[in-house]
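Structural overview for review
These are the residues of each chain, in order.
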Amino acid sequence: MKGEARMEKDFRFLPLGLPARLVVSGCLFALGAALELLFPRTFLMGVAVSMLGWLPLMLERATNKPKDQGLEEWRLVSMAEIDRLDDSLAQTRKLRRSMGAPGRAALVVLLVVLLFIVLAAGGASGRLDLVYVALNATIFLVPAVFFGTVKVHLPVDIALKMPCFRAVLSETPPAGVAIAPYIRFDKDDKGLDVPEDLRLLFELKRPPEDLVGVQVQAAINNGPNGPVPYLYAVVLTRGKDGPAHGAAARLRLKGYEVEAGGDKEYGTVVIRQKTSGGGYHTTPDDCTELASLCYRFLGSLAGA
């Protein structure tokens, strides 16, 4: 019973099981074909009845897009988890390319060309039986060719950001600096984790008393050719009166904006690429440069 209920949800119309759907469609196809034969003057009416046989066989589009619950849980993960996420994104891109291959379009074109040839040949030779067979065969094949399409979901935001973080992680951190990766998870309707965002925290093994770390995160900007990633860093401190916050606020970096903020409990200093002159987009080279700046800043604190 549960399997039948799930199967019913796979179809767009009518609360029927698969055997009943096949029977209804078969009857409509047969009725339409009979009307075409018995009443040639109302040939198109028979074609319309045959097309009604498509309705019970119309499937919902299949997709792997999770039904997220709107939760936001940042969780410390291992580098292996980041690798698995990156591999999953790569496999999804590959699958999307394969699903978007011209195979289906080529098949449609081939069927149309064959139908046209048969109809033309049948009309020219007076072989109306060929026209009848070709037209009805095409009607019967429509569900197999067009129904049951698959849409492969790619989480666009995290896919756009991943190359930025890969560029950052390609650089070996200096001695005394550790990288803590975090992923933001949602849950799907089955309670499984759905990764939605990621960020990195650079930590000094022996930090000043007010330093939490340097958090590297990304946003998505609207570029002239579509969405693009924008990587930036945030120095996190306990309050705004400690040495780490003061040192970060005094930074003067060519090509970067340094914006101090926060409150008595938590201080922040944002280090971001200037957005003038096309700076709304951070390339992998920009990302490695930002990581190097963060490492040098942490190195200056460690040596202070």
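This one's a predicted model, so the numbers in the text were calculated from it and none came from an experiment.

Structural notes on the overall build of the protein
Along the backbone of the protein there are nine helices and nine strands. The long-range share in the protein, meaning contacts at least 24 apart out of those at least 6 apart in sequence, stands at 65%. Looking at the protein as shown, the accessible area adds up to about 18,000 Å², and 61% of this sits on carbon and sulfur atoms.

Some thoughts on the packing of helix H2 (residues 18-38) against helix H3 (residues 43-52)
At their nearest, the axes of H2 and H3 sit 7 Å apart, and the two run at 175° to each other. Taken together, H2 and H3 sit at an angle that is classed as roughly antiparallel. Contacts between H2 and H3 involve Leu28, Phe29, Leu31, Gly32, Ala33, Leu35 and Glu36 on the former and, on the latter, Phe43, Gly46, Val47, Val49, Ser50 and Leu52. Looking at the contact of H2 with H3 residue by residue, the class counts come to nine nonpolar, three polar and one charged.

Observations regarding the sheet that holds strand E9 (residues 266-273)
Strands pair in a sheet through their backbones, by hydrogen bonds, and they do so in one of two ways: parallel or antiparallel. Taking strand neighbours across the sheet as the criterion, the seven strands line up as E2-E4-E5-E6-E7-E9-E8 in an open arrangement whose pairing is antiparallel. One side of each edge strand has no neighbouring strand; the edge strands of this open sheet are strand E2 (73-76) and strand E8 (256-262). Across the sheet, the axes of successive neighbouring strands diverge by a mean angle of 30°, strand direction being ignored. The sheet contacts of helix H7 (residues 156-169) involve strand E4 (177-187), strand E5 (193-204), strand E6 (211-223) and strand E7 (226-238), and relative to E5 the element is tilted by about 25°.

Comments concerning the side chain of serine 50
You can see serine 50 is positioned in helix H3. With relative accessibility at 0%, the residue serine 50 sits in the buried group. Every residue in contact with serine 50, bar those within four places of it in the chain, is listed here: Leu28, Phe29, Gly32, Ala33, Glu36, Asn136 and Ile139.

Criteria and thresholds
Residues numbered from 1 in each chain as written. Predicted model: local features only at pLDDT ≥ 70, side-chain atom pairs only at ≥ 80, totals over all residues. Heavy atoms only, no water. Helix = DSSP H or I, 4+ residues; strand = E, 2+ residues; numbered from the N terminus. Contact = heavy atoms within 4.5 Å. Areas by Shrake-Rupley, 256 points an atom, 1.4 Å probe, with all protein chains shown as cover. Axes fitted to C-alpha atoms, helices over the stretch in contact; angles between N-to-C directions. Parallel < 35°, antiparallel > 145°, perpendicular 65-115°, else oblique. Nonpolar A, V, L, I, M, F, W, Y, C, P; charged D, E, K, R; others polar. Pairing = 2+ DSSP bridges. Buried < 20%, exposed > 50% of the residue type's maximum accessible area, 1.4 Å probe, protein only.

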